[in-house]
Amino acid sequence: MSLFIYNSLIRTKEKFEPLRPGMVSIYVCGPTVYGHAHLGHAKSYVSFDVVVRWLRHSGYHVKYVQNITDVGHLTDDADEGEDKISKQARLEKTDPMEISQFYTRSFYEDMDHLNVLRPNIAPAATAHIPEQIALVERLIANGHAYEVNGNVYFSVHSFPGYGKLSGRTDQEALQSGVRVETRSDKRHPSDFALWKKAEEGHLMQWNSPWSIGYPGWHLECSAMSMKYLGETIDIHGGGMENKFPHHDCEIAQSESVTGQPYVRYWMHNNMVTVNGVKMGKSLKNSVNLKDLFKETDPLVIRFFILQSHYRSQLDYSEAAIKASTTGLEKLRETRRRLAEQKTGSALFDPEPFIRRFTDAMDDDFNTPVAIAVLFDLSKAINAALDSSEGISEESRDNTLAFLHSSATEILGILNQNEQSTGRDSIETGKKLDGIMEVLLELRAEARENKDFALSDKIRDRLSAVGIEIKDTKEGVSWSNKSGT
RNA sequence: GGCGAAGUGGCCGAGUGGUUAGGCAGAGGUCUGCAAAACCUUGUACAGCGGUUCAAAUCCGCUCUUCGCCUCCA
């Protein structure tokens, strides 16, 4: 089976074939950096992280571009209101550059915790003003855009397919639903801004042929995606809420300039809800990642996200997170046990699981099913380890290799170095081993003397600092829970 | 009002015209000095009403409900 991707543009799954064999160009809408990242960002970037990892695993050379929006994104509708970055700068009594730098760093910090790989190129909108201006000049030259009083607008009537991604193709009908008539220089209310003249006191402004001003929000993605990935890209990803107007505008302005298809496969991830209702800043229920990480292992968050499909809504609740914590621990435990238990004679073939895992991922990145396969594998491994023959060394190594590839490299839910039960460095690990050896020896003596008060004290005190003791058939073992 | 998605067992969450999703919780069991952990076993659910079909939770229609977008949002 080969890879199938759900293409939002045609609303169906289709076989993935990149423009150039063996190469994949992918552009994902990045964050507007005016606040700390929340769970919604996590869902989006974890989802596309797995897309990129799976494409690479499938043998493609992937060029992944994800922008940083640091200008042009306004607080109200597409073309009115204050710039988000400027507004935050005003609130924090500093300047826009500091805001965007600060929150960009914060964003990557959170993504690193979630084990999200960095994009190959992370272009900032403010660093690509000349490219954006050039695009506007071409649009004016070929009649798709017009200038009024220093503002430049894209004429949606000049692009027949406008709105095809979101299904909003009838511009006249759409106007019937408009609540407030805004005064504007636009020829048609659906036209959107490519360049805006800076009002008095606007902090971010650049010279252009039309006015001293700033670019419209939609423009940056077209300009930067074309610059780094070419006129037609394979995959463009983003949140569903950006289908309209953002992505429809991107299509219109890009294809009007190049005459070429802008994107071959559109991918849109769904939203996060909190206890069943939409998560939003205005609703004051958005889940800040930094706060979440205080209570919850970031990899549990990642696992939680991947347990649902990227095109499904994901409902956040404490109960759901708790369930994920326990579930992920089960997978960790299985790998630990497989790596540490003595090898035996029986053969164990991971091949059927590999095939099922691959089929799931090839079916539009179906991570919930892929994870279910890992749980089935876990059950099978445990059964084999429980049997008297155990698992042969070769079988164990093959199975561990698959676990490493699937859970660590592709899904990114298990740490690289967890096989040593989370000890952070070799040196302190050795010391800890020695200390634990002494403690377990003392405890064993106490138990032999039926001094259970002492043996339980050792167990409980260790448990309090995150070290768990297990009395099993094979003897006593311990694991460092806090280190995972 | 327009565009779109969805309603699955206590909870989360896949899938699908006829075969067990999976996880968590619950119940029973193995192990143990007792525990904990771990492991094993266990659930026959798909909003309602019609229709198509040998067969539908899965397709079609209607109804009800929820959610997203149409205004910034990943």
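Residues numbered from 1 in each chain as written. Chains lettered and ligands numbered in written order. Predicted model: local features only at pLDDT ≥ 70, side-chain atom pairs only at ≥ 80, totals over all residues.

Trainee: Looking at this structure, how should I read the overall build of chain A?
Mentor: On a plain count of helices and strands, chain A comes out with 15 helices and 15 strands. On the principal axes, the C-alpha backbone points of chain A span a range of 90 × 50 × 40 Å. Within chain A, the proportion of its 484 residues that are buried is 40%. (Helix = DSSP H or I, 4+ residues; strand = E, 2+ residues; numbered from the N terminus. Buried ≥ 20, exposed ≤ 12 C-beta atoms within 10 Å, placed from the backbone.)

Trainee: I'm lost on helix α13 (residues 393-410) in this one. Help?
Mentor: Structural remark: α-helix, 3.6 residues per turn; residues separated by three or four positions point the same way. Here α13 contains 18 residues, and its C-alpha end-to-end distance of 24 Å stays within 8% of the 26 Å for a straight helix at 1.5 Å per residue. The sharpest bend along α13 comes to roughly 25 degrees, located at His404. Those residues of α13 lying buried are Ser395, Arg396, Thr399, Leu403, Ser406, Ala407 and Ile410. Lining the buried residues of α13 we find α1 (39-57), α10 (318-340), α11 (351-362) and α12 (367-386). Count one or two residues on from α13 and you reach Gly412, which has phi positive near 70 degrees. (Expected span 1.5 Å × (residues − 1). Bend = angle between axes of the 7 residues up to and from the residue. Contact = placed C-beta atoms within 7 Å.)

Trainee: Would you take a moment to explain the domain arrangement of chain A for this structure?
Mentor: Note: interface size is frequently given as the accessible area lost on complex formation between the parts. With domains assigned, chain A is organised as domain 1 (4-269), domain 2 (315-420) and domain 3 (426-483). Distance between the C-alpha centres of domain 1 and domain 2: 39 Å. Between domain 1 and domain 2, the contact holds 12 residues from the first and 11 residues from the second. Elements that contribute at least two residues to the side of domain 1 that touches domain 2 include exactly β1 (4-7) and α1. When residues of the side of domain 1 that touches domain 2 are assigned to their parent elements, the largest contribution, seven residues, is made by α1. Along the lines of polarity and charge, the residues of the side of domain 1 that touches domain 2 split into seven nonpolar, two polar and three charged. (Domains from an automatic or database assignment. Nonpolar A, V, L, I, M, F, W, Y, C, P; charged D, E, K, R; others polar.)

Trainee: What should I look at first to understand the environment of Phe107 in this one?
Mentor: On the secondary structure map, Phe107 appears in helix α3 (residues 96-113). On the basis of neighbour counts, which here come to 21 C-beta atoms within 10 Å, the residue Phe107 falls in the buried class. Sequence separation between Phe107 and Pro31 is 76 residues; the distance between their C-alpha atoms is 8.2 Å. If sequence neighbours within four positions are ignored, Phe107 has contacts with Pro31, Val33 and Ala37.

Trainee: Is there a simple way to think about the sheet that holds strand β6 (residues 151-154) in this case?
Mentor: Pairing within the open sheet is antiparallel, and its four strands lie in the order β5-β6-β7-β8. Of all the strands in the sheet, the pair left with one neighbour each is β5 (145-148) and β8 (213-215). Within this sheet the neighbouring strands show an average axis-to-axis angle of 20 degrees, counted without direction. Where strand β7 (residues 192-197) lies against β8, three bridges are found, and the strand directions are antiparallel. Pairing of Lys196 across the sheet is with Tyr214, part of β8. Most of the contacts of helix α4 (residues 129-141) go to β5, to which it runs at about 105 degrees, and overall it touches β5, β6, β7 and β8. (Pairing = 2+ DSSP bridges. Axes fitted to C-alpha atoms, helices over the stretch in contact; angles between N-to-C directions.)

Trainee: How do you make sense of the protein's contact with RNA strand B when you look at a structure like this?
Mentor: Inspection of the region around RNA strand B gives 72 residues, with Gly40, Gly167, Gly239, Lys278 and Gly327 positioned closest. Broken down by element, the surface near RNA strand B gets its largest block of residues, 10 residues, from α10. (Near = placed C-beta within 6 Å.)

Trainee: So what exactly am I meant to see when it comes to helix α9 (residues 298-306) here?
Mentor: Of all nine residues making up α9, eight are buried, and the element is well covered by its neighbours. Here α9 has its buried residues at Leu299, Val300, Ile301, Arg302, Phe303, Phe304, Ile305 and Leu306. Where α9 is buried, its residues touch α1, α8 (289-295), β13 (314-316), α10 and α12.

Trainee: Just to check I follow, could you spell out the nonpolar core for this structure?
Mentor: If you look at soluble globular proteins, the nonpolar side chains tend to sit buried side by side. In this structure, Ala42 and Leu194 are the most contacted members of the largest nonpolar core, which totals 107 residues. Counting residues per element, this core draws most heavily on α1, which supplies 10 residues. If sequence neighbours within four positions are ignored, Ala42 has contacts with Ala37, Leu114, Leu289, Ile301 and Ile305. (Core = buried A, V, L, I, M, F, W, Y, C linked by C-beta atoms within 7 Å.)

Trainee: Which parts of the structure should I look at to understand the pairing of β1?
Mentor: Side chains on a regular strand alternate between the two faces of the sheet. When β1 meets strand β2 (residues 12-15), the two strands line up antiparallel, connected through four bridges. Looking at the pairing, Phe4 lines up with Lys15 of β2. Linking two consecutive strands that pair antiparallel, namely β1 and β2, is a turn of four residues; a positive phi of about 55 degrees is found at Arg11 within it.

Trainee: How should the sheet that holds strand β10 (residues 263-269) be read in this particular structure?
Mentor: If you walk across this open sheet you meet the four strands as β4-β3-β9-β10, and the pairing is parallel. On the outer flanks of this sheet lie β4 (61-66) and β10, each paired with one strand and no other. Recorded for the sheet is a direction-independent mean angle of 20 degrees between the axes of neighbouring strands. Relative to β10, strand β9 (residues 233-239) runs parallel, the two sharing six bridges. The residue bridging Gly237 from the neighbouring strand is Met267, located in β10.

Trainee: Please explain unusual backbone geometry as it appears in this structure.
Mentor: Peptide bonds are mostly trans, and most non-glycine residues show a negative phi. In this structure, the amide linkage connecting Phe244 to the following residue, Pro245, adopts the cis form with an omega of 0 degrees. Despite not being glycine, Lys93 has its phi angle at roughly 55 degrees, a positive value. Relative to the assigned elements, Lys93 resides in the loop between α2 (84-91) and α3. Positioned with a positive phi, Asp364 is a non-glycine residue whose angle comes to about 55 degrees. Mapped onto the secondary structure, Asp364 falls in the loop between α11 and α12.

Trainee: Any chance you could explain the environment of Ala407 here in plain terms?
Mentor: Structurally, the position occupied by Ala407 is in helix α13. Once the C-alpha coordinates of Ala407 and Ser8 are considered, the two residues, 399 residues apart in sequence, prove to be 28 Å apart. In contact with Ala407, not counting residues within four places along its chain, are Leu331, Leu374, Ile413 and Leu414.

Trainee: Please explain the packing of α1 against α9 as it appears in this structure.
Mentor: Angle between the axes and distance between the axes are the two parameters that describe a pair of packed helices. At a minimum axis separation of 10 Å, α1 and α9 run at an interaxial angle of 75 degrees. Classified by the interaxial angle, the pair formed by α1 and α9 is roughly perpendicular. When α1 is examined against α9, the residues Ala42, Lys43, Val46 and Val50 are found in contact with a partner set consisting of Ile301, Arg302, Ile305 and Leu306. (Parallel < 35°, antiparallel > 145°, perpendicular 65-115°, else oblique.)

Trainee: Which parts of the structure should I look at to understand the confidence of the model for chain A?
Mentor: Close reading of the predicted structure is inappropriate where its pLDDT is low. Residue-level pLDDT values for chain A average 86, and 90% of them are 70 or greater. When the criterion is pLDDT under 50, residues 418-424 qualifies, and its contacts beyond four places in sequence or with other chains add up to 17 contacts. Predicted as a complex, the structure gets a pTM of 0.89 and an ipTM equal to 0.92. (pLDDT = per-residue confidence, 0-100.)

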